[in-house]
Amino acid sequence: MKLIVPQFRPARRRFVAAILVALAAASAAQADSIGGDCRYGGQTTTFVDGVVFKEPNYFDKSKIDIIVALTTFPIDKAALAKTAQKSAALTSQRFAADDARSVKLRIEDKMVSAVDYNGDGTSVSSSGGDIGEITVKANDATRIEASFSLKDDDADDLNCTLSFNLAYASTTPASAAAGGAAKSAAAPAAPKGTALPAGGAEPGKVFLANLAAMQKGDVDAMLATVTKEQGDKMRAQKSDPKFGAMLEMMKSFAPKSAIVTGGQDFGDTAELTIDAVDQSGAKSTGTSKLRKEGGQWKVEKTSMKGGM
């Protein structure tokens, strides 16, 4: 568990959500290239794959933003090319990859208007202004080549130095031009579970119990609702002299309310979809992955996006 002390800066709002939550090596698609890394909380993340696509602007649906995502897991770009909901599909791929990390840049009017970093049980988002420095070398109907730098005075905060040359996910990969070979090379469809109703059934009850424990700062109740791995991490942090202060900060940034809108039950794991409202009244959405341990559902990781 990471307990993050949020910071607010002029001209942008930093939303940092602390949530209780293996690098997979693979070659990037032919002609695609990525470089650099992100540093956060004393850890360095090196990415192995990347993708770029377009989606409507948050506030003006008539405007189209460019989304660049770099990940520690191989991206199923063929699957992304087939769906209009690329951000949601990419999030599902990240949840399907154990302990995966990603950073996503939203490029709007030749500037980065939002940065989302997810990994190590933490979701960090920056939005609302010209964030970092981006230099676009090329951008046409098929590819984008650029570099991006995000520097923060606090070394424990999010710092990134990235470069990428990526084909748009909506473009057919060159390697798929070999006729029938494309079908045999296609990745198998992601497994589908049993649909969960609004409320999330038993997994939903455990998620809400975990949220209630976070809102109260009830460590014992949190330990009772998370996986053993996450519980061990939390127990290790209890000896930190700053643990009490960080716990209070986590309480203040836990969602004020949340509802489970649905999800899927895969048998030993489940994934819930969440709508939430933070302490300021801003809406957010997210997903929570749970795992069965000893026949009981336990929260493994939760990722929320919002504060816009």
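This is a predicted model, so every value here is computed, not measured. (Residues numbered from 1 in each chain as written. Predicted model: local features only at pLDDT ≥ 70, side-chain atom pairs only at ≥ 80, totals over all residues. Heavy atoms only, no water.)

## Overview of the confidence of the model for the chain
Then, number 1: On average, residues of the chain carry a pLDDT of 80, and 81% of them reach 70 or more.
Then, number 2: Considering each helix and strand of the chain separately, the mean pLDDT is smallest for strand S1 (residues 13-18), with a value of 35, and largest for helix H4 (residues 201-216), with 95.
Then, number 3: The model gives residues 1-30 a pLDDT under 50, and that stretch makes 101 contacts with residues more than four places away or in other chains. (pLDDT = per-residue confidence, 0-100. Helix = DSSP H or I, 4+ residues; strand = E, 2+ residues; numbered from the N terminus. Contact = heavy atoms within 4.5 Å.)

## A short note on the state of the cysteines
Then, number 1: Tallied over the full model, the rule gives 1 disulfide.
Then, number 2: Bridging Cys38 to Cys160, the disulfide has an S-S length of 2.1 Å. Because the sign of the S-S torsion sets the handedness, a value of about 110° for the bond joining Cys38 and Cys160 places this disulfide among the right-handed ones. One end of the pair, Cys38, is in strand S2 (residues 33-40); the other, Cys160, is in strand S11 (residues 159-167), with 122 residues separating them in the sequence. Like Cys160, Cys38 is buried. (Disulfide = S-S within 2.5 Å. Buried < 20%, exposed > 50% of the residue type's maximum accessible area, 1.4 Å probe, protein only.)

## Quick notes on the side chain of Thr225
Then, number 1: When you line up the elements, Thr225 lands in helix H5 (residues 219-225).
Then, number 2: By relative accessible area, which is 10% here, Thr225 ends up buried.
Then, number 3: In contact with Thr225, not counting residues within four places along its chain, are Val206, Ala209, Asn210, Lys298 and Val299.

## Here we look at unusual backbone geometry
Then, number 1: Within the chain, Asp99 stands out as a residue other than glycine whose phi angle is a positive 50°.
Then, number 2: In the Ramachandran plot, Ala201 falls in the positive-phi region, its phi being about 50° despite a non-glycine side chain.
Then, number 3: Tracing the backbone shows Ala201 in helix H4.
Then, number 4: Taking the relative accessible area as the measure of exposure, Ala201 reaches 36% and is therefore partly exposed.

## Regarding the environment of Leu150
Then, number 1: Within the fold, Leu150 resides in strand S10 (residues 143-150).
Then, number 2: Taking C-alpha positions, Leu150 is 7.3 Å from Ile131, a pair spaced 19 residues apart along the chain.

## Observations concerning the packing of aromatic side chains
Then, number 1: This model, assessed by the stated rule, comprises 1 aromatic pair.
Then, number 2: A centroid spacing of 5.8 Å and a plane angle of 50° characterise the contact between Tyr40 and Tyr117, whose relative ring orientation is tilted. Here Tyr40, found in strand S2, pairs with Tyr117, found in strand S7 (residues 111-119); they are 77 residues apart in sequence, far enough to count as distant. For the pair Tyr40 and Tyr117, a shared accessibility class is recorded, and that class is buried.
Then, number 3: A cation over an aromatic ring shows up here: Lys54 above the ring of Tyr168, its NZ or CZ 5.2 Å from the ring centre.
Then, number 4: The ring of Phe95 has Arg94 lying over it, and the distance from NZ or CZ to the ring centre is 5.1 Å. (Phe/Tyr/Trp six-rings, centres within 6.5 Å; stacked < 30°, edge-to-face > 60°. Lys NZ or Arg CZ within 6 Å of the ring centre and 35° of its normal.)

## Some remarks on the sheet that holds strand S3 (residues 43-46)
Then, number 1: Taken together, the 5 strands give an open sheet; going across it, the order is S3-S2-S11-S10-S9, and neighbouring strands pair in antiparallel fashion. Single-partner strands in this sheet number two, and they are S3 and strand S9 (133-139). Taking each pair of neighbouring strands and ignoring which way they run, the sheet shows an average axis angle of 15°.
Then, number 2: Here 7 bridges tie S2 to S11, and the two strands are oriented antiparallel to one another. What sits directly across from Arg39, in S11, is Asn159. (Pairing = 2+ DSSP bridges. Axes fitted to C-alpha atoms, helices over the stretch in contact; angles between N-to-C directions.)

## Side note on the pattern of salt bridges
Then, number 1: A full pass over the atoms with the stated rule returns 15 salt bridges.
Then, number 2: Notably, a salt bridge pairs Asp32 with Lys77, separated by 2.7 Å at the nearest N-O pair. Here Asp32 is found in the loop between S1 and S2, whereas its partner Lys77 is found in helix H1 (residues 77-81), with 45 residues between them in sequence. One exposure class covers both Asp32 and Lys77, and it is buried.
Then, number 3: Residues Arg235 and Asp232 are paired through a salt bridge, measuring 3.3 Å at the closest nitrogen-oxygen approach. One end of the pair, Arg235, and the other, Asp232, are both in helix H6 (residues 228-237), 3 residues apart, so they sit about a helical turn from each other. (Salt bridge = Lys/Arg side-chain N within 4 Å of Asp/Glu carboxyl O.)

## Focus on helix H7 (residues 243-253)
Then, number 1: Turning to H7, its buried residues are Phe243, Met246, Leu247 and Met250. Down the axis of H7, the sector holding all buried residues measures 105°, keeping them to one side. (Arc of directions from axis to C-beta.)

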